[in-house]
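If you want the building blocks of each chain, they are given just below.
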Amino acid sequence: SQIYSLAVGENFFKATVTSDDGTKKQDYVLKVTREKSSNIGLNSLTVGNYELKPSYSDNNDIYEVQVPNEITSVDVNAVAKESTQTIKGTGTYNLNVGSNEVIVNVTSENGAVRTIRINVIRKLPNDASINNVGVNNYTLNHLEGNIYTVEVPYGVGEIEIANISTTGANVTGIGKKQLNVGNNDFEVTVTSASGETTIKYIIRVIRQKDTNNDLK
């Protein structure tokens, strides 16, 4: 017996049969057809260094990946199981905030196609900081921690906390406020767009005492 290697497609092997007495010989040709591979599996599928959910499996074609808001692009990579496979859809993808669909197609040697869909979710901003706070036309000073102060004349009995600059965060506690003489602390709550971070700020408005000594 002898072992033969098979190429894809038709393979022909010649065999000669000789009679027991050696007087007759007969040639035979054996045709062996090796079919093309139908393998559409992958050794690996990755989206940057982020977790693929569920973990990659040849039996699953739908995945999800979540990335922080500050990530604006990801690299999608797939490693073939066989050199005869063709893979399309890998490379670098720019990300919008929210869902981004990535489609990877794997084609086997015999033409079978597998379509893999990856939903890359770029999260909303997780920033609850404030960049600017408007209190009428006055300038706030950062006192310490999350406390900001501003001093106004006695004649100002009402102010409006407005125009708070954030990165898409939700802000509560703004609006018109009545003032007493001295310190007036107003709490402003900022919740990041992702909903994951909440910071409470104190806007301390100091209303000066009445310095008018005129008799009334």
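Before reading further, recall that the structure is shown in the block above.
Since this is a predicted model, take the numbers as computed values, not measurements. (Residues numbered from 1 in each chain as written. Predicted model: local features only at pLDDT ≥ 70, side-chain atom pairs only at ≥ 80, totals over all residues. Heavy atoms only, no water.)

### Thoughts on the pattern of salt bridges
Inspection of every chain in the model, using the stated rule, returns eight salt bridges. In this structure, Asp 27 engages Lys 14 in a salt bridge whose closest nitrogen and oxygen atoms are separated by 3.7 Å. In this pair, Asp 27 is assigned in strand β2 (residues 25-34) and Lys 14 in strand β1 (residues 9-18), connecting sequence segments 13 residues apart. Judged by relative accessible area, which is 42%, Asp 27 ranks as partly exposed. We note a salt bridge from Asp 58 to Arg 114, for which the minimum N-O separation is 3.7 Å. Of this pair, Asp 58 sits in the loop between β3 (42-47) and β4 (62-67) while Arg 114 sits in strand β9 (residues 113-122), and the two are 56 residues apart along the sequence. Classification of Arg 114 as buried rests on a relative accessible area of 4%. Linked by salt bridges that have partners in common, Asp 58, Asp 61, Lys 81 and Arg 114 make up one network. (Salt bridge = Lys/Arg side-chain N within 4 Å of Asp/Glu carboxyl O. Helix = DSSP H or I, 4+ residues; strand = E, 2+ residues; numbered from the N terminus. Buried < 20%, exposed > 50% of the residue type's maximum accessible area, 1.4 Å probe, protein only.)

### Regarding the side chain of Arg 122
Position of Arg 122 relative to the elements: it lies in strand β9. Of the side chains with opposite charge, Glu 70 lies nearest to the buried Arg 122, which makes no salt bridge, at 7.5 Å. A polar contact of 2.7 Å, which involves the side chain of Arg 122, links it to the backbone oxygen of Asn 69. Polar side-chain contacts of Arg 122 include one of 3.3 Å to the backbone oxygen of Ile 71. (Lys, Arg positive; Asp, Glu negative; His and termini not counted. Polar contact = N/O pair within 3.5 Å; in protein donor to acceptor, adjacent residues only side chain to side chain.)

### What about the packing of aromatic side chains?
If you walk through the whole model with that rule in mind, you get three aromatic pairs. For the ring pair Tyr 4 and Phe 13, a centre distance of 4.7 Å and an interplane angle of 55 degrees mean the geometry is tilted. Here the aromatic rings of Tyr 56 and Tyr 63 are separated by 6.0 Å at their centres, their planes lie at 25 degrees, and the arrangement is stacked. By relative accessible area, which is 3% here, Tyr 63 ends up buried. If you follow Arg 207 out to its NZ or CZ, it ends over the ring of Tyr 154, 4.5 Å from the centre. (Phe/Tyr/Trp six-rings, centres within 6.5 Å; stacked < 30°, edge-to-face > 60°. Lys NZ or Arg CZ within 6 Å of the ring centre and 35° of its normal.)

### Some words on unusual backbone geometry
For the peptide bond that leads from Lys 53 to Pro 54, omega is -10 degrees, which places it in the cis range. Summarising the element assignment, Pro 54 is placed in the loop between β3 and β4. One non-glycine residue, Asn 163, lies in the positive phi region at around 55 degrees. Within the secondary structure, Asn 163 is located in strand β13 (residues 158-165). Residue Asn 163 is classed as exposed on the basis of its relative accessible area, which comes to 62%.

### Remarks on the nonpolar core
Ranked by size, the top nonpolar core spans 20 residues in total, and within it Val 133, Val 135, Ile 161, Ile 203 and Val 205 carry the most contacts. Breaking this core down by element, the ones donating at least two residues are β10 (132-135), β12 (147-152), β13, β16 (182-191) and β17 (198-207). Core analysis: the second largest hydrophobic core is formed by 17 residues, Leu 45, Val 74, Val 104 and Ile 116 among them. (Core = buried A, V, L, I, M, F, W, Y, C linked by side-chain atoms within 4.5 Å.)

### Re the pairing of β2
Sheet topology note: the β1/β2 ladder contains ten bridges and is antiparallel. From the neighbouring strand, Asn 11 faces β2, where its bridge partner is Val 32. Counted along the chain from β1 to the antiparallel partner β2, the turn is six residues long, and its residue Gly 22 has a positive phi close to 80 degrees. (Pairing = 2+ DSSP bridges.)

None of the figures reported here should be taken as evidence of function without further support.
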